[in-house]
Amino acid sequence: SLGVNQNLNKMASKRTLKKQIKSITYDVLDEADYLIESGHKGADKADKLMDEAADFYEEMVAKVNAAKIKKEFKAVAQEVEAAGKKFTDKLNSIG
């Protein structure tokens, strides 16, 4: 019974982390697209940031799926958090 509960908690955490990854990616894509469509002077940088966000999404989801133990999962969660801050800083520097 205890093993099942731990597994359910891990699965819920994976699901939550995947939602965070998706949210970060979509926010970056949305903001970057706005900068491009509005003819902002940083449109080239925004376009590159969109590519970076798409790569981030694929890489992080693969890492979440590959994480088998709590330590690996925690490392991915920290990486996602750091990436969210990095993307925010990059968007702020463009906009």
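Whatever comes next refers back to the structure up there.
Keep in mind the model is a prediction, meaning the values are calculated, not measured.

Could you give an account of the overall build of the protein, naming the residues involved and the relevant values?
Each helix and strand counted, the protein has 3 helices and 0 strands in total. Pairs at least 24 residues apart make up 72% of the contacts formed inside the protein by residues separated by at least 6 positions. Carbon and sulfur atoms make up 52% of the accessible area of the protein, which totals about 6,600 Å².

Summarise the packing of helix α2 (residues 43-66) against helix α3 (residues 70-94); cite the residues concerned and give the values.
Remark: α2 packs on α3, axes separated minimally by 10 Å, with the N-to-C direction vectors making an angle of 170°. In terms of orientation, α2 and α3 fall into the roughly antiparallel class. For the pair α2 and α3, contact is made by Lys 45, Ala 46, Leu 49, Glu 52, Ala 53, Phe 56, Glu 59, Met 60, Lys 63, Val 64 and Ala 66 and by Glu 72, Phe 73, Val 76, Glu 79, Val 80, Ala 83, Lys 86, Phe 87, Lys 90, Leu 91 and Ile 94, respectively. Residue classes in the contact of α2 with α3 are distributed as 14 nonpolar, no polar and 8 charged.

Account for the pattern of salt bridges, with residues named and values stated.
Tallying each qualifying case throughout the model produces 5 salt bridges. When the shortest N-O distance is used, the salt bridge between Glu 52 and Lys 86 registers 3.1 Å. You can see Glu 52 sitting in helix α2 and its partner Lys 86 sitting in helix α3, a full 34 residues away along the chain. With relative accessibility at 25%, the residue Glu 52 sits in the partly exposed group. Its relative accessible area of 37% is what places Lys 86 among the partly exposed residues. Across the salt bridge formed by Lys 63 and Glu 59, the nearest N and O atoms sit 3.4 Å from each other.

Quick notes on the rules
- Residues numbered from 1 in each chain as written.
- Predicted model: local features only at pLDDT ≥ 70, side-chain atom pairs only at ≥ 80, totals over all residues.
- Heavy atoms only, no water.
- Helix = DSSP H or I, 4+ residues; strand = E, 2+ residues; numbered from the N terminus.
- Contact = heavy atoms within 4.5 Å.
- Areas by Shrake-Rupley, 256 points an atom, 1.4 Å probe, with all protein chains shown as cover.
- Axes fitted to C-alpha atoms, helices over the stretch in contact; angles between N-to-C directions.
- Parallel < 35°, antiparallel > 145°, perpendicular 65-115°, else oblique.
- Nonpolar A, V, L, I, M, F, W, Y, C, P; charged D, E, K, R; others polar.
- Salt bridge = Lys/Arg side-chain N within 4 Å of Asp/Glu carboxyl O.
- Buried < 20%, exposed > 50% of the residue type's maximum accessible area, 1.4 Å probe, protein only.

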